[in-house]
Amino acid sequence: MVYSLASNCFRSSPILCSTLLYHNSNNTHSHSADAAFIKRAAELADKSSGFTSPHPNFGCVIATASGNVAGEGFLYAQGTKPAEFQAVEAAGEWSKGATAYLNLEPGDCDGDYTAISSLVQAGITRVVVGIRNPLRHLQGNSIRALRNQGLQVDVLGEDLQSKIIEDARKSCLLVNAPLIVRATSKVPFSVLKYAMTLDGKIAASSGHAAWISSRQSRNRVFELRGSSDAIIVGGNTVRRDNPRLTARHGGGHMPMRIVMSQTLDLPEEANLWDISEVPTIVATQRGARRSFQKQLASKGVEVVEFEILNPKEVMEYFHDRGYLSVLWECGGTLAASAISAGVIHKVYAFVAPKIIGGKNAPSPVGELGMVEMTQALDLIDVCYEKIGPDMLISGFIQPIPELTPVVPSEDETFAIDPTVSPYESSIIFFYKTWDPYGAFSNFSPHPIQMLDDNGEYVTWSSVEHYYQAHKFAGVNDPDAKDCIERIKSARSPEEAARMGRSMQRQRPNLVRSDWDNVKIDVVYKALKCKFSVYPHLNSMLLSTAGSVLVEASPHDLFWGGGRDGEGLNYLGRLLMRLRSEFLALIQ
């Protein structure tokens, strides 16, 4: 399906999107425009949720250098034209010299290179990618292929960090959250959905639950089902509600229906056993009610046995079957078990303005073993939306993993430092200052002297002191100047970091306006001073020639490696760049 903003009657001049002005003077690019176009690509990609599985959701926007949107497209479903092909087809001659914005790096497991070839043949000169492909065997392949064809390829956030870029990248993560979670966690992306009264009940004491939420909320549920690969319920829900679990208003996609029942104490007749429209799978424990299993099989219902039935193993099984996303519409007992197993990633709670009371009325989540409020699970990226008379509250229990690699690709590493072999290069990790290569850390106790604005040398106790203080440099505010002095006097790099980070969160108005643009240069200058002044540090750095340097902090997603290796590792990148410069001087 093609979405072109340049219709035939306006083919001679593409439409100017006034809110997305894009400037390309002197080969500089507007990062705000890049972010806006990438968000639009993610918005297009989201139109195919539920239809493309197990493939990603792809969207593409073609924009000219002056900010004109010439063509758009998205991958409608498996086997249809790639988003990139549709977009350049819609843009026509306006593709020449234009920029293509992709929410996700192209990649096809079947070896189809139509997406790449269509961009090259159309005359696109620059490609901006929201996030790299999360599948490791595809990650970076298309970026390298495009660069080999002479196109400029920028990956959002890998050369500059800012709030608008972070928001744009987040939109790319959200639209392909199922694929990203599946690639990193080896389980499908799971969403827990429930409707409850204002006093937290999902049914009356008698078990009656129809209808808690409004028709508008139920229509939204159909949409959620329509964007999922499967819907999962427990035996209690089948016995009590006899649901159909269809996506009647969710478009053409009908998700698989899954029932989890340990004992198979299920009714012989149920709507879920009618598979004329949608298949049903029953997951149970090995040996449960063999005769009933045969009865279900005779109706066409698939039965899968597990040695021990638990949410983790069930989700791992459906991961192996290729499922990307699962919507849990179960009762409180199974919901608690799934949350405890760590397989629930997001929650959608429809809260109706009703009070039903009842000491024994069920709640949406059963026993989790928590006895203090400090143990409560805090949702991330919480959203509130009024739907009819109801309130929809949604949020993530687990963050979507970032996928920017800690270690740059082979080509990028060689570009940073030609001494690094692109084949089987070793990796040197450093983090704590007492590690073998701990002196590479910003926190190492090596004072440096740097010129201030008056041309005088000022001594800083560590690179971290210098870095944190310069967040507030040049700001005409007494509090900023005071903060710099306090950081400068901090007794340790940890204390300096704590001060700088705290002030940045509490008083963002004190942070210099150009900080996102200059912070890499600030650190680089401090590192160059450090490794120039201390000969033994210089020798240590040069001794790592041929190796990739990785700052292995599990918490820092920009300077360090981040959790499970999804950080940007900019400190390692800068050290390799510095190493290359030093080696060039002695050759």
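A brief report on the enclosed structure follows. (Residues numbered from 1 in each chain as written. Predicted model: local features only at pLDDT ≥ 70, side-chain atom pairs only at ≥ 80, totals over all residues. Heavy atoms only, no water.)

## Describing the overall build of the chain
Here's step 1: On a plain count of helices and strands, the chain comes out with 18 helices and 19 strands.
Here's step 2: When burial is assessed residue by residue, the chain has 53% of its 587 residues classed as buried.
Here's step 3: Of the contacts made within the chain by residues no fewer than 6 positions apart, 71% connect residues no fewer than 24 positions apart.
Here's step 4: On the chain, roughly 26,900 Å² of surface is accessible, and the fraction owed to carbon and sulfur atoms is 52%. (Helix = DSSP H or I, 4+ residues; strand = E, 2+ residues; numbered from the N terminus. Buried < 20%, exposed > 50% of the residue type's maximum accessible area, 1.4 Å probe, protein only. Contact = heavy atoms within 4.5 Å. Areas by Shrake-Rupley, 256 points an atom, 1.4 Å probe, with all protein chains shown as cover.)

## Thoughts on the packing of aromatic side chains
Here's step 1: Using the criterion set out here, one finds 14 aromatic pairs in the structure.
Here's step 2: Relative to F440, the ring of Y437 has its centre 5.5 Å away and its plane inclined at 40°; by these criteria the two rings are tilted.
Here's step 3: Looking at Y437, the relative accessible area reads 26%, which means it is partly exposed.
Here's step 4: Taken together, the aromatic side chains of Y467, W515, F558, W559 and Y570 make up a single cluster linked through ring pairs.
Here's step 5: The ring centre of W211 lies 4.2 Å from the NZ or CZ of R218, which sits over that ring.
Here's step 6: It is K488 that lies over the ring of W460; its NZ or CZ is 5.9 Å from the centre. (Phe/Tyr/Trp six-rings, centres within 6.5 Å; stacked < 30°, edge-to-face > 60°. Lys NZ or Arg CZ within 6 Å of the ring centre and 35° of its normal.)

## Thoughts on the packing of helix 16 (residues 515-533) against helix 17 (residues 535-542)
Helices that pack against each other are described as a pair by the angle of their axes relative to one another and the distance between those axes.
Here's step 1: Closest axis-to-axis distance for the helix 16/helix 17 pair is 5 Å, and the angle between their directions is 105°. Judged by the angle between their axes, helix 16 and helix 17 are roughly perpendicular. Listed contacts from helix 17 to K530, F531 and V533 of helix 16 are P535, L537, N538 and L541.
Here's step 2: When grouped by side-chain class, the residues that make up the contact of helix 16 with helix 17 number five nonpolar, one polar and one charged. (Axes fitted to C-alpha atoms, helices over the stretch in contact; angles between N-to-C directions. Parallel < 35°, antiparallel > 145°, perpendicular 65-115°, else oblique. Nonpolar A, V, L, I, M, F, W, Y, C, P; charged D, E, K, R; others polar.)

## Considering the packing of helix 2 (residues 83-91) against helix 3 (residues 114-122)
Here's step 1: Taken N-terminus to C-terminus, the directions of helix 2 and helix 3 make an angle of 25°; their axes are 7 Å apart at the nearest point. It follows that helix 2 is roughly parallel to helix 3 by the angle criterion. As for how helix 2 packs across helix 3, the hand of that crossing is left-handed. Where helix 2 approaches helix 3, its residues E84, F85 and V88 are matched on the opposing element by T114, A115, S118, L119 and A122.
Here's step 2: Along the lines of polarity and charge, the residues of the contact of helix 2 with helix 3 split into five nonpolar, two polar and one charged. (Left-handed = near helix turned anticlockwise from the far one by under 90°.)

## A look at the pairing of strand 17 (residues 448-451)
Here's step 1: The alternating pattern of strand 17 places I448 and M450 on a buried face, while none of Q449 and L451, on the opposite face, is buried.
Here's step 2: In the sheet, strand 17 pairs with strand 18 (residues 457-460) via four bridges, with the strands oriented antiparallel. If you follow I448 over to strand 18, its bridge partner there is W460. (Pairing = 2+ DSSP bridges.)

## Structural notes on the side chain of S441
Here's step 1: On the secondary structure map, S441 appears in the loop between strand 16 (427-430) and strand 17.
Here's step 2: One polar contact links the side chain of S441 to the main-chain amide nitrogen of F443, over a distance of 2.9 Å. (Polar contact = N/O pair within 3.5 Å; in protein donor to acceptor, adjacent residues only side chain to side chain.)

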